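These are the residues of each chain, in order.
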Amino acid sequence: MTEHMEGRGTIRFMGQHELVLDADFDWDESGRAAVSGVGKLKMLKWLIYPFTADTHAERLPDGAIHCEGGLKSQFGNGALKAVIDLKPDGAFTGYVGLTKGLRLAIEGKRVI
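This text gives an overview of the structure that appears in the document. Each chain has its residues counted from 1, running along the sequence as written. Totals for whole chains, interfaces and linings use all residues, but because this is a predicted model, local features are given only for residues with pLDDT of at least 70 and pairs of side-chain atoms are given and counted only at 80 or more. Calculated side-chain values reflect all of the structure's heavy atoms, with hydrogen atoms and water omitted.

**Observations regarding the overall build of the protein chain**
- A tally of helices and strands in the protein chain yields zero helices and nine strands.
- For helices the rule is a DSSP run of H or I covering at least 4 residues; for strands it is a run of E covering at least 2, with both sets numbered from the N terminus onward. The secondary structure elements of the protein chain, listed N-terminal to C-terminal, are β-β-β-β-β-β-β-β-β.
- Atoms considered for the radius of gyration are the C-alpha atoms alone. The globule rule reads 2.2 Å times the number of residues to the power 0.38. Computed over its C-alpha atoms, the radius of gyration of the protein chain comes to 13 Å, within 12% of the 13 Å expected for a compact globule of 112 residues.
- In terms of its C-alpha atoms, the protein chain occupies a principal-axis envelope of roughly 40 × 25 × 25 Å.
- The contact criterion used throughout is that any non-hydrogen atoms of two residues lie within 4.5 Å. Pairs at least 24 apart in sequence give 32% of the contacts found in the protein chain among residues at least 6 apart.
- Just so you know, the count uses Lys and Arg for positive and Asp and Glu for negative, and it drops His and the chain ends. For charged residues, the charge sits on one atom: NZ in Lys, CZ in Arg, CG in Asp, CD in Glu. With 14 positive and 15 negative side-chain charges, the protein chain shows a separation of 9 Å between the mean positions of the two kinds.

**Topic: unusual backbone geometry**
- One non-glycine residue, M14, adopts positive backbone phi at about 50°.
- Structurally, M14 can be placed in the loop between β1 (2–12) and β2 (16–27).

**Focus on the side chain of T10**
- Relative to the assigned elements, T10 resides in strand β1.
- Sequence-distant contacts of T10, defined by excluding residues within four places in its chain, comprise Q16, H17, L19, A105, I106 and E107.

**As for the pairing of strand β4 (residues 46–50)**
- Going residue by residue along β4, you find L47 and Y49 tucked away on one face and W46, I48 and P50 left uncovered on the opposite face.
- We call two strands paired when DSSP finds no fewer than two bridges between them. Where strand β3 (residues 32–42) and β4 come together, five bridges link them in antiparallel fashion. Counterpart to K40 in the pairing with β4 is I48.
- Here β3 folds back onto β4, and the loop between the two strands holds three residues. Under the scheme applied here, a residue whose accessible area is under 20% of the maximum for its type counts as buried, over 50% as exposed, and between as partly exposed, the area being computed with a 1.4 Å probe on protein chains only.

**Notes on the environment of V38**
- Along the chain, V38 falls in strand β3.
- Separated by 56 residues in sequence, V38 and G94 place their C-alpha atoms 15 Å apart.
- Filtering out sequence-adjacent residues up to four positions away, V38 remains in contact with V20, L21, D22, I48, Y49, P50 and F51.

This is the structure we're talking about:
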């Protein structure tokens, strides 16, 4: 079963910036899903970061969705670790990991 999710929120990186998550979850019978789609960050222009092929999610007993994987850099210098927790009420929180343990917090709300 495929489920689409679009979320809008913010990321804190040298100020606060607009963030859009556009993802598709391909769920299997065990409650795990392969995740595809993109994260978009508005700096001076929109920067687009596709989810890596190893990005996956699992549905937790309380109905929340925990997602882990990576976001590919559009500049060709690898991928950034990403963790997102989507709560049953549609709110999401998480982070994008940078080098040396630095994490950029994200938060927002599911709109679709």
